[in-house]
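Read off the chains here:
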Amino acid sequence: MKNIFLILLILEINIMMAQNSFKVLTKEEEQANYSLRDLKFYKMSSYNESIAHFIDENNLLVQANDSGVEHSLILSISDFDNNKFPLLPENDTPYYRYREFMNKEGFTKENMLKMLNDLNFNYQPETFYTDAEKFVKKLSLDDKMKFIIPLQYFIGEDLHKLCPNAKWSFEIRRYFQPFFEPCLYYEKRNFDFYDMNLLLREKLFNNKKITFKHIYQKVEKKLMKDKELWWDFGNVKGD
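Residues numbered from 1 in each chain as written. Predicted model: local features only at pLDDT ≥ 70, side-chain atom pairs only at ≥ 80, totals over all residues. Heavy atoms only, no water.

**Observations concerning the sheet that holds strand S4 (residues 59-63)**
Move 1: Read across the open sheet, the 5 strands follow the order S1-S5-S4-S3-S2; overall the sheet is antiparallel. At either margin of the open sheet sits one strand with a lone partner, and together these are strand S1 (22-26) and strand S2 (41-44). When strand polarity is set aside, the average angle formed by the axes of neighbouring strands in this sheet is 25°.
Move 2: Of the strand pairs in this sheet, S2 and strand S3 (residues 51-54) are connected by 3 bridges, and their pairing is antiparallel. In the strand pairing of S3, methionine 44 is matched with isoleucine 51. (Pairing = 2+ DSSP bridges. Helix = DSSP H or I, 4+ residues; strand = E, 2+ residues; numbered from the N terminus. Axes fitted to C-alpha atoms, helices over the stretch in contact; angles between N-to-C directions.)

**Focus: the packing of helix H8 (residues 194-206) against helix H9 (residues 212-225)**
Move 1: Closest axis-to-axis distance for the H8/H9 pair is 10 Å, and the angle between their directions is 160°. By the criterion of interaxial angle, the relationship of H8 to H9 is roughly antiparallel. Two packed elements cross with a definite hand, and for H8 against H9 that hand is right-handed. Between H8 and H9, the contacting residues are Asp195, Met196, Leu199, Leu200, Lys203 and Leu204 on the first element and Phe212, Ile215, Lys218, Val219 and Lys222 on the second.
Move 2: Taken together, the residues of the contact of H8 with H9 break down into 7 nonpolar, no polar and 4 charged. (Parallel < 35°, antiparallel > 145°, perpendicular 65-115°, else oblique. Left-handed = near helix turned anticlockwise from the far one by under 90°. Contact = heavy atoms within 4.5 Å. Nonpolar A, V, L, I, M, F, W, Y, C, P; charged D, E, K, R; others polar.)

**Quick look at unusual backbone geometry**
Move 1: The residue asparagine 120 is not glycine, and still its phi comes out positive at about 65°.
Move 2: Within the secondary structure layout, asparagine 120 lies in the loop between helix H5 (109-118) and helix H6 (128-136).
Move 3: Given a relative accessible area of 67%, asparagine 120 falls into the exposed group.
Move 4: Residue asparagine 207 is not a glycine yet carries a positive backbone phi of 60°. (Buried < 20%, exposed > 50% of the residue type's maximum accessible area, 1.4 Å probe, protein only.)

**A look at the pairing of strand S6 (residues 167-173)**
Move 1: Direction of pairing for S6 relative to strand S7 (residues 179-186): antiparallel, over a ladder of 7 bridges. Opposite isoleucine 172, over in S7, you have phenylalanine 180 as the bridge partner.

**A look at helix H7 (residues 141-160)**
For the α-helix, the turn length of 3.6 residues means that residues three or four positions removed from each other point alike.
Move 1: Compared with an ideal rise of 1.5 Å per residue, which puts 20 residues at 28 Å, H7 spans 28 Å between its outermost C-alpha atoms and is within 8% of the ideal.
Move 2: Along H7, 15 of the 20 residues are buried, which leaves the element largely enclosed by surrounding structure. (Expected span 1.5 Å × (residues − 1).)

**Overview of the pairing of S3**
Move 1: A loop of 6 residues connects S2 with S3, the two strands running antiparallel in sequence, and glutamate 49 in this loop sits at a positive phi of about 60°.
Move 2: In this structure, S3 lies alongside S4, joined through 4 bridges in antiparallel fashion. Within S4, the position partnered with isoleucine 51 by the bridge is glutamine 63.
Move 3: Adjacent in sequence and paired antiparallel, S3 and S4 are bridged by 4 residues.

**Overview of the packing of H7 against H9**
Move 1: Where H7 contacts H9, the axes come no closer than 10 Å and their chain directions differ by 45°. The angle between H7 and H9 places the two elements in the oblique class. The chirality of how H7 crosses H9 is right-handed. Facing Leu151, Ile155, Asp158 and Leu159 of H7, the residues of H9 in contact are Phe212, Tyr216, Val219, Glu220 and Leu223.
Move 2: Grouping the amino acids of the contact of H7 with H9 by side-chain chemistry returns 7 nonpolar, no polar and 2 charged.

**Structural notes on H9**
Move 1: Relative to the 20 Å expected for 14 residues at 1.5 Å per residue, H9 spans 20 Å between its end C-alpha atoms, a close match to the ideal helical length.
Move 2: Taken as a whole, H9 has its buried residues at Phe212, Ile215, Tyr216, Val219 and Leu223. Around the axis of H9, the buried residues are gathered within 100° of arc, so they sit on the same side. Facing away from the buried side of H9 by over 90 degrees, the exposed positions are Lys221 and Lys225. (Arc of directions from axis to C-beta.)

**Notes on a positive patch on the surface**
Move 1: The grouping of Lys208, Lys218, Lys221 and Lys225 at the surface amounts to a positive patch.
Move 2: Structurally, lysine 225 can be placed in helix H9. (Patch = residues over 30% accessible without salt bridge, like charges linked within 9 Å, V, L, I, M, F, W, Y side chains within 5 Å. Areas by Shrake-Rupley, 256 points an atom, 1.4 Å probe, with all protein chains shown as cover. Salt bridge = Lys/Arg side-chain N within 4 Å of Asp/Glu carboxyl O. Lys, Arg positive; Asp, Glu negative; His and termini not counted. Charge placed at Lys NZ, Arg CZ, Asp CG, Glu CD.)

**Side note on the side chain of glutamine 152**
Move 1: Within the secondary structure, glutamine 152 is located in helix H7.
Move 2: Every residue in contact with glutamine 152, bar those within four places of it in the chain, is listed here: Tyr95, Phe107, Trp168, Pro182, Phe193, Met196, Asn197 and Leu200.

Here is the structure:
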């Protein structure tokens, strides 16, 4: 009976692969159906560092090398070797959509102002936070995905004033389709904006009741709490 079940499972996987080329598994589905101890290791992808194990002679169980990825994949060996990874919902982030700006050449004030201009937002430094509050209420989901990039830049630049010797840097997120997220960097020290990213996403996409100014203040508080990491390395202003 067990052998018949395994044969049927393999046939189902092979049919699925022929039709869709991949299957998405939740963490619960993966854990219920597969144990890595029983699977032979194939290799790590040089494209996104995902880890692949054989489930049969043609197909692989593929796990992303990033805790933010909510799913694993069943993928053919050919697709894995040719970097044919699907774009899953959690991968479709603003930083992936606008990945051409997620580098030192692209993440500039000039480009951010151009993005704001494309959205018909008139950037004024003195009233940026209050103007953004009014503006965001009328944006579509796609426009919010775009607006979050200059929000990240201008709020980040205000935080940058607290550690002026730091530079913008970019940390890779190894989703199935990799992308980079901005952070401040100085002498082997990173100050990432995970908290700010989370709060911005919660506000823009989940209607969290928090202002952009309050988001800045919360991240500023965290940066100053960790200022011993920056004091000797990034010239943090403070007591």
